[in-house]
Amino acid sequence: MPFVRGVWMRGVATGVLALSLSALAACSSSGPKTQNDGGGLLGLGRGKSTPAAEQPTIGVNGYLWRATLDTLAFMPLASADPYGGVVITDWYVNPEKADERFKCTVYILDARLRADGLNVAVFKQTRDASGTWVDAPSAGQTETDIENAILTKARQLKLSNIRG
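Residues numbered from 1 in each chain as written. Predicted model: local features only at pLDDT ≥ 70, side-chain atom pairs only at ≥ 80, totals over all residues. Heavy atoms only, no water.

- The protein chain is annotated in an unreviewed UniProt entry as DUF3576 domain-containing protein from Phenylobacterium ferrooxidans.

Right, here's the structure in full:
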């Protein structure tokens, strides 16, 4: 009789194993992924589930964002919002021309790496005879040159990421 009982127990153990595997397979369905911060057996925690699509991510093109920060690294940074895609620098005074200063605001408008997904505004001030800063017009070519420098850097970052 011990031989018969051993066969029967192996059959029960195999059935339990098959049932467990099918339950685990059902839990890994291809439905929407959720983050469960409550833990628990088979993902049945008490925490709030958040769909993966609602997880915070950078709201703009990552290559444009990194290229903007790298290109404007010589200027002091006043504000940077990766979700809204806005980088604002503080006033920068060129040591060779202490009577003028510049400030830049870069708007990243798209999640794709495109030339029209970027807008740069440059502000210029000059020091008058009394020593106060007065707004002055900046050359329109300066904004275009900064946009081109950012786009070139973004393309280089993308290519280096693809190759490496």
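With respect to the side chain of N61
Part 1 of the argument: Inspection of the secondary structure puts N61 in the loop between β2 (49–51) and α2 (62–71).
Part 2 of the argument: What N61 contacts, discounting residues up to four positions off in sequence, is I108, D110, A111, R112 and L113. (Helix = DSSP H or I, 4+ residues; strand = E, 2+ residues; numbered from the N terminus. Contact = heavy atoms within 4.5 Å.)

Digging into the environment of W65
Part 1 of the argument: With respect to the secondary-structure elements, W65 resides in helix α2.
Part 2 of the argument: By relative accessible area, which is 11% here, W65 ends up buried.
Part 3 of the argument: The spatial distance from the C-alpha of W65 to the C-alpha of G85 is 7.4 Å, given a sequence separation of 20 residues. (Buried < 20%, exposed > 50% of the residue type's maximum accessible area, 1.4 Å probe, protein only.)

Examining helix α3 (residues 140–163)
Part 1 of the argument: The terminal C-alpha atoms of α3, which comprises 24 residues, lie 35 Å apart, in line with the 34 Å expected from a rise of 1.5 Å per residue.
Part 2 of the argument: Within the span of α3, buried status applies to I146, E147, I150, L151, A154 and L157.
Part 3 of the argument: Each element contacted by the buried residues of α3 is listed here: α2, β6 (100–108) and β7 (118–127). (Expected span 1.5 Å × (residues − 1).)

Here we look at α2
Part 1 of the argument: Residues of α2 that are buried include every one of L64, W65, A67 and T68, and no others.
Part 2 of the argument: In this fold, the buried residues of α2 make contact with β3 (77–81), β4 (86–89), β6, β7 and α3.
Part 3 of the argument: For α2, the N-terminal capping position is held by N61, with its side-chain oxygen 2.8 Å away from the main-chain nitrogen of Y63. (Polar contact = N/O pair within 3.5 Å; in protein donor to acceptor, adjacent residues only side chain to side chain.)

A word on the pattern of salt bridges
Part 1 of the argument: Applying the stated criterion to the full structure yields six salt bridges.
Part 2 of the argument: For K97, the salt bridge goes to E100, with nearest N and O atoms at 3.9 Å.
Part 3 of the argument: D110 is the partner of R112 in a salt bridge, and the nearest nitrogen-oxygen pair spans 2.9 Å.
Part 4 of the argument: Salt bridges here are not isolated pairs; linked through shared partners, they connect D110, R112, R114 and D116. (Salt bridge = Lys/Arg side-chain N within 4 Å of Asp/Glu carboxyl O.)

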